[in-house]
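# Descriptive structure summary
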Amino acid sequence: MFAGGCELRRMTRTLALAGFVVCGASQVAWGQDWSLNADLSQRGTYNSNLLLKPGHKIDAFGSLTIPEFVLKRDSPTSSIALDGQFKFAEYFNHSELDSDSQLFNLKLSKDL
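Here the structure is a predicted model, which means the values were calculated and not measured.

Per the secondary structure count, the protein includes one helix and five strands. N-terminal to C-terminal, the α/β element order of the protein is α-β-β-β-β-β. Per-residue burial for the protein yields a buried fraction of 27% across its 112 residues. Across the protein, every contact between residues at least 6 apart in sequence was considered, and the portion connecting residues at least 24 apart equals 45%. When the accessible surface of the protein is totalled, it reaches about 7,900 Å², and 58% of it is carbon and sulfur.

This is how it looks when you write it as structure tokens:
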């Protein structure tokens, strides 16, 4: 991992969790048509062969934290939704295997 990667991961996680706290765990609405939903999930995990290598098995306990945001607007003739997930995986005593990723989906539809 490049120098400063741990700090970047920590900053990304902090920003995502701060956004979740600002938005709250419930539904927030702007005007009549827009809505913002937020969700946070936390899972514990154990893997007996994390790297899937038969000769070099690494077993590890870890956690997976996933904040998710959905910004949505519905109208009688169109809809738009932006879904963002920020996945943070941490493995105890194996920090070199920690990872983070982002996933965004944009859905648009319009009646003709």
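Residues Leu50, Ile58, Ala60, Ala89, Tyr91 and Leu97 constitute the largest nonpolar core, which totals six residues. What Ala89 contacts, discounting residues up to four positions off in sequence, is Ser63, Leu64, Asp98 and Ser99. Ala38, Phe69, Phe86 and Phe88 belong to the second largest nonpolar core, which has five residues in total.

Unusually for a residue other than glycine, Asn93 sits at a positive phi of about 65°. Here Asn93 lies in the loop between strand 4 (78–91) and strand 5 (99–110).

So, on to a nonpolar patch on the surface. Residues Leu82, Phe104, Leu106 and Leu108 make up a contiguous nonpolar surface patch of about 430 Å² in total accessible area. Top contributing element to the nonpolar patch by residue count: strand 5, with three residues. Summarising the element assignment, Leu82 is placed in strand 4.

The next point concerns the pairing of strand 3 (residues 60–74). Within a regular strand, side chains alternate between the sheet's two faces. For strand 2 (residues 34–47) and strand 3, the ladder comprises 14 bridges, and the chain directions are antiparallel. Bridge pairing links Thr45 to Gly62 in strand 3. Where strand 3 meets strand 4, 11 bridges bridge the pair, whose relative direction is antiparallel. Residue pairing in the sheet places Lys72 in a bridge with Ala81 of strand 4. Counting the residues that bridge the hairpin from strand 3 to strand 4 gives three residues.

Per the stated rule, a full pass over the model turns up one salt bridge. The partner of Lys72 in a salt bridge is Asp74, and the shortest N-O contact between them spans 3.9 Å.

Calculation notes
- Residues numbered from 1 in each chain as written.
- Predicted model: local features only at pLDDT ≥ 70, side-chain atom pairs only at ≥ 80, totals over all residues.
- Heavy atoms only, no water.
- Helix = DSSP H or I, 4+ residues; strand = E, 2+ residues; numbered from the N terminus.
- Buried < 20%, exposed > 50% of the residue type's maximum accessible area, 1.4 Å probe, protein only.
- Contact = heavy atoms within 4.5 Å.
- Areas by Shrake-Rupley, 256 points an atom, 1.4 Å probe, with all protein chains shown as cover.
- Core = buried A, V, L, I, M, F, W, Y, C linked by side-chain atoms within 4.5 Å.
- Patch = residues over 30% accessible without salt bridge, like charges linked within 9 Å, V, L, I, M, F, W, Y side chains within 5 Å.
- Salt bridge = Lys/Arg side-chain N within 4 Å of Asp/Glu carboxyl O.
- Pairing = 2+ DSSP bridges.

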